[in-house]
Amino acid sequence: MDLQLKNKIAFVSGSTAGIGFAIAQSLLQEGTEVIINGRTQDGVGKAVEELKALVAGAKVSGIPADFSKADDVKHLIDQLPDIDILINNAGIFEPKAFEDIPDEDWFRFFEVNVLSGVRLSRHFLPKMLKKNWGRIIFISSESAVFIPDEMIHYGMTKTAQLAISRGLAELTQGTEVTVNAILPGPTKSKGVGGFIEDLAKSGNVSTDKVEEDFFKNMRPTSLLQRFATVDEVAHTVTYYVSPLASATNGASIRVEGGLIRSIL
Ligand code: NAD
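Residues numbered from 1 in each chain as written. Predicted model: local features only at pLDDT ≥ 70, side-chain atom pairs only at ≥ 80, totals over all residues. Heavy atoms only, no water.

(A) Examining the overall build of the protein more closely. Tallying secondary structure elements over the protein gives eight helices and seven strands in all. For 264 residues, the compact-globule estimate of 2.2 N^0.38 gives 18 Å, and the C-alpha radius of gyration of the protein, at 18 Å, lies within 12% of that figure. With the principal axes as the frame, the protein shows a C-alpha extent of 55 × 40 × 40 Å. For the protein, the residues scored as buried account for 50% of the 264 residues in total. By sequence separation, contacts in the protein at least 24 residues apart represent 73% of the contacts at least 6 residues apart. For the protein, the computed accessible surface area is about 12,700 Å², with 54% contributed by carbon and sulfur atoms. Where the 27 positive side-chain charges of the protein centre and where its 33 negative ones centre are 4 Å apart. (Helix = DSSP H or I, 4+ residues; strand = E, 2+ residues; numbered from the N terminus. Rg over C-alpha atoms; globule rule 2.2 N^0.38 Å. Buried < 20%, exposed > 50% of the residue type's maximum accessible area, 1.4 Å probe, protein only. Contact = heavy atoms within 4.5 Å. Areas by Shrake-Rupley, 256 points an atom, 1.4 Å probe, with all protein chains shown as cover. Lys, Arg positive; Asp, Glu negative; His and termini not counted. Charge placed at Lys NZ, Arg CZ, Asp CG, Glu CD.)

Structure representation (structure tokens):
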């Protein structure tokens, strides 16, 4: 299938590692020009070189910006060209008991996970509507639906993304612009991989055992019963930003291994 993504330009926030990096790689493989992002110049430079080595002829560049800093985001937006595809992927998570989450963490999670996408969409959606083509994707989570009791602040941000994504889609009525949310389930990204390795070390067990126990005890309804790979998420995103996916708009698309037990 030709996904018709060759003459498009995409920006992927938080893409020096994990799901964002895999999305950048997948889009580059389709011939899309991709601008990646991470917090530091060094990290962005390394990821650009890595992507060039992975994808022959990759049209990739990068701009550093920390989404917890409004000035960084303003500077990023000033530097970005007109883009066709916006992937709001940057996001942070941290398990913490509800009573231990201070105001500062609630604000920081909101700023990095929610306002990042708001600020970028506020700039790019009007431009996409004007040229009558564009794709905006919010990388939300199954945690938007199953709020994890060990990180309620994170769940709050992921639900908020669904509200914003659906609201923005309403503004695209009658155009060729779409706004959708993707809900990955537990996915073995760099961040999650490190978390599993730490758990394995502290419990003196293998990472396979940690994974098996995690799904048995924490995600018993998962049909997949393993972590998804970052590529499984990235390939889904790549399809939904394609011109071929023009009839999907305002949707919450699941890549969560079937753990949400509702039909719709
Ligand atoms: P990760 O920790 O592996 O990678 C995060 C990326 O975001 C890195 O490139 C990092 O540099 C960047 N980043 C972090 N903080 C940033 C900031 N303040 N400003 C700019 N960039 C920043 O993460 P991941 O697991 O690949 O998660 C990516 C997205 O997918 C997040 O929005 C996350 O909520 C969502 N998600 C992940 C999972 C999972 O299990 N991995 C499940 C559902 C949803």
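(B) How the structure looks around the nonpolar core. In this structure, Ile23, Leu27, Ile36, Ile87, Ile182, Val237 and Val241 are the most contacted members of the largest nonpolar core, which totals 35 residues. Of all the secondary-structure elements, those providing two or more residues to this core are strand 1 (9-12), helix 1 (18-29), strand 2 (33-36), helix 2 (41-54), strand 4 (85-88), strand 5 (134-139), helix 8 (230-240) and strand 7 (252-255). Per-element tally for this core: the top contributor is helix 1, with seven residues. Contact partners of Val237, with chain neighbours within four places excluded, come to Ile23, Ile87, Ile139 and Ile182. The next biggest cluster of nonpolar side chains, apart from the first, holds 30 residues, and it includes Phe11, Leu162, Leu168 and Ala181. (Core = buried A, V, L, I, M, F, W, Y, C linked by side-chain atoms within 4.5 Å.)

(C) Looking closely at the sheet that holds strand 2. Pairing is parallel across the open sheet formed by seven strands, whose spatial order is 3-2-1-4-5-6-7. Both outer strands of the open sheet, strand 3 (60-62) and strand 7, are each paired with one neighbouring strand and no more. Geometrically, the sheet is characterised by an average inter-axis angle of 20° between neighbouring strands, direction not taken into account. Packed on one face of the sheet, helix 5 (residues 152-170) meets strand 4, strand 5, strand 6 (177-184) and strand 7 and runs near 160° to strand 6. (Pairing = 2+ DSSP bridges. Axes fitted to C-alpha atoms, helices over the stretch in contact; angles between N-to-C directions.)

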